[in-house]
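Commentary on secondary and tertiary structure
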Amino acid sequence: MYKTLPLITIFLFHLAFVSFSSNTTPQKQKSTIKKVSDDEALRKKADALAHRFVIVDGHVDLPYRLHAKMEDVSVQTSGGDFDYVRAKKGGLSAPFMSIYVPADLQKRKGFSKALADSLIDLVENLTKTYPDKFALAKSPADILQNFKKGLISLPMGMENGSPVESNLENLKHFYDRGVRYITLCHGEDNFICDTSYDTTRTWGGLSPIGRQVVREMNRLGIMLDCSHISDDTFEQVVALSKAPVIASHSSCRSFTPGFIRNAPDVLIQKMAKKGGVIMINFSSMFLDSASNKAYELKRNAIKAFQKSKNLSADAPEVQAFEKEYVAKYPTPLTTVERVADHIDHVVKIAGIDHVGLGSDFDGVGPTLPDGLKDCSEIPNLIYILFKRGYSEKAIEKICYKNLFRVWNQVDKVAERK
């Protein structure tokens, strides 16, 4: 085409093109720089907020992790998901220490209670060994006071009610020791209720003594935790309790159809109507159906191996089999955005006042999502919530205020009694 045009026309066309290019390119660069700058500013804001607000995590399995292998968590550790350094970096100020008791111990009288007491001793010793870093907390007021001092609070929740051992006086024992919620069962039905993981359905929900346990926990001021329990149990607990209840580390079943361990919409809504809170589990297998299906295959393979060898769940051979299986068939992981999706869902069906965080750090192995690999990365979640339009007030509720409201209401019910 150029060959048919006069030389001056070609020159003027070229000059105009150069002029146009030189005028538009910096504008594009400026727009890109502004976008990057805004993103960086939002990340800084998220990090600042993570350290300005108290952040409560409904479930961290540090005690059982240290029970298996003692580590100095006052410094950054090479393993696990929680230690002082990473908690401070991520702004995690009040992780509930899980006093986890495996279901296998239910069959041996005295073993469950002994293990629970030893894990409580372990938490207490952490605060005595590192008083400049950790402190016990038995109330929201304790957490706020510790936060002002720059200390990480270690409130406690018991995972599995088996240490109560059909003796209601043991509830008072554990309350006095600092336990402020109890997950009524774990992987098998127990004397209190049916579990989500077992199809036996021994009681059709709560047992007769389980109903007494609910009433006594209300009387003492111990939060009822609906994680791990069957749907029938969940519904009966919500109906029977005179105080709001929690799910300390559960996610939404609508994302993982068939995974009974997660809570269905109807029960999340019923819990919310009584003022309760569901605290979202961070594990990929709780968050995403592809991860969940892979997890179920792994779980079934491990159970089959365990049964064929007549071994307990925590036997070294079972752990070795699991390690080999995971190396061969790794669980596909999701991302931090999926955690925000679950939060969005609860807000949509139940409201902003009924969702919190329950990571399950140190309890779900290598299944944590990209962007939330340990407690140092919590600001990544706050960043995503900011990007989705959540206000500071809404994020504050998710971080701690919703759980504090339930906890204080549980205390008020106990006081009235």
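Look above for the structure.
Since this is a predicted model, take the numbers as computed values, not measurements.

Parameters and conventions
- Residues numbered from 1 in each chain as written.
- Predicted model: local features only at pLDDT ≥ 70, side-chain atom pairs only at ≥ 80, totals over all residues.
- Heavy atoms only, no water.
- Helix = DSSP H or I, 4+ residues; strand = E, 2+ residues; numbered from the N terminus.
- Axes fitted to C-alpha atoms, helices over the stretch in contact; angles between N-to-C directions.
- Parallel < 35°, antiparallel > 145°, perpendicular 65-115°, else oblique.
- Left-handed = near helix turned anticlockwise from the far one by under 90°.
- Contact = heavy atoms within 4.5 Å.
- Nonpolar A, V, L, I, M, F, W, Y, C, P; charged D, E, K, R; others polar.
- Phe/Tyr/Trp six-rings, centres within 6.5 Å; stacked < 30°, edge-to-face > 60°.
- Buried < 20%, exposed > 50% of the residue type's maximum accessible area, 1.4 Å probe, protein only.
- Lys NZ or Arg CZ within 6 Å of the ring centre and 35° of its normal.
- 1 Å grid on protein atoms, 1.4 Å probe; cavity = no way out; pocket = protein on both sides within 12 Å on 5 of 7 lines; lining within 4 Å.
- Points joined across faces, edges and corners; volume = space filled by probe spheres on them.
- Core = buried A, V, L, I, M, F, W, Y, C linked by side-chain atoms within 4.5 Å.
- Expected span 1.5 Å × (residues − 1).
- Salt bridge = Lys/Arg side-chain N within 4 Å of Asp/Glu carboxyl O.

1. Examining unusual backbone geometry
Despite not being glycine, Ser166 has its phi angle at roughly 60 degrees, a positive value. Within the secondary structure, Ser166 is located in the loop between strand 5 (156-159) and helix 6 (169-176). You will see that Asn310, though not glycine, has its phi angle at about 55 degrees, which is positive. Residue placement: Asn310 occurs in the loop between helix 11 (289-309) and helix 12 (316-328).

2. Focus: the packing of helix 7 (residues 208-220) against helix 8 (residues 231-240)
In the contact formed by helix 7 and helix 8, the axes pass within 10 Å of each other and the chain directions differ by 45 degrees. With respect to helix 8, the element helix 7 is oriented oblique. Taken as a pair, helix 7 and helix 8 cross one another with a handedness that is right-handed. On helix 8, the residues touching Arg211, Val214, Arg215 and Asn218 of helix 7 are Gln236, Val237 and Leu240. Residue classes in the contact of helix 7 with helix 8 are distributed as three nonpolar, two polar and two charged.

3. A few points about the packing of aromatic side chains
Summed over the entire model, instances satisfying the criterion amount to 13 aromatic pairs. The interplanar angle of 40 degrees and the centroid separation of 5.2 Å between the aromatic rings of Phe96 and Tyr181 together place this pair among those described as tilted. Here Tyr181 lies in strand 6 (residues 179-183) and Phe96 lies in strand 2 (residues 94-100), a separation of 85 residues in the sequence. One exposure class covers both Phe96 and Tyr181, and it is buried. For the pair Tyr325 and Tyr329, a centre-to-centre distance of 4.9 Å together with 50 degrees between the ring planes defines the contact as tilted. On the basis of relative accessible area, Tyr325 is assigned to the buried category, the value being 15%. A network of ring pairs unites the aromatic residues Phe96, Tyr181, Tyr400, Phe404 and Trp407 as a single cluster. It is Arg108 that lies over the ring of Phe111; its NZ or CZ is 4.6 Å from the centre. The positively charged end of Lys133 is found above the aromatic ring belonging to Tyr84, 5.5 Å away from the centroid.

4. Details of empty space enclosed by the protein
Evaluation of the coordinates by the stated rule reveals two cavities of 30 Å³ or more. Each pocket or cavity is described by its volume, and for the largest cavity that value is around 50 Å³. Taken together, Cys226, Ser227, His228, Ile229, Asp231, Phe234, Ser250, Arg253, Ile260, Arg261, Asn262 and Ala263 make up the lining of the largest cavity. Here the residues of the lining of the largest cavity sort into five nonpolar, four polar and three charged. Around the second largest cavity, the lining residues are Leu357, Leu381, Ile382, Leu385, Ile395, Ile398 and Cys399. Looking at the lining of the second largest cavity, the elements with two or more residues in it are helix 14 (378-387) and helix 15 (392-416). Its residues assigned to classes, the lining of the second largest cavity comprises seven nonpolar, no polar and no charged.

5. Quick look at the nonpolar core
Counting residues in hydrophobic clusters, the biggest one holds 112 residues, and the most contacted among them are Leu184, Ile343 and Leu381. Per-element accounting of this core gives the leading share, 11 residues, to helix 15. Sequence-distant contacts of Ile343, that is, excluding residues within four places in its chain, are made with Ile280, Val355, Leu357, Leu381, Leu385, Tyr390 and Ile398.

6. Let's talk about helix 13 (residues 336-349)
Taking 1.5 Å of rise per residue, the 14 residues of helix 13 would be expected to cover 20 Å, and the 21 Å separating its terminal C-alpha atoms lies within 8% of that figure. Along helix 13, the residues that are buried comprise Val336, Val339, Ala340, Asp341, His342, Ile343, His345 and Val346. In the core, the buried residues of helix 13 are packed alongside helix 9 (265-273), strand 9 (277-280), helix 10 (284-287), strand 10 (355-357), helix 14 and helix 15. Among the residues trailing helix 13, Gly351 stands out with phi positive, at a value near 110 degrees.

7. Notes on the pattern of salt bridges
The full count for this structure, using the stated rule, is 25 salt bridges. One salt bridge in this structure joins Asp362 and Arg65, with 3.0 Å as the shortest N-O distance. With Asp362 in the loop between strand 10 and helix 14 and Arg65 in helix 2 (residues 62-68), this residue pair connects regions lying 297 residues apart in the sequence. Residue classification places Arg65 among the buried residues on the basis of a relative accessible area of 12%. A salt bridge links Asp341 to Arg388, with the nearest nitrogen and oxygen atoms 2.8 Å apart. Placement of Asp341 in helix 13 and of Arg388 in the loop between helix 14 and helix 15 is noted, with a sequence separation of 47 residues between them. We classify Arg388 as partly exposed; its relative accessible area is 33%. One network of salt bridges, with partners in common, ties together Lys113, Asp117, Asp121, Glu124 and Arg177.

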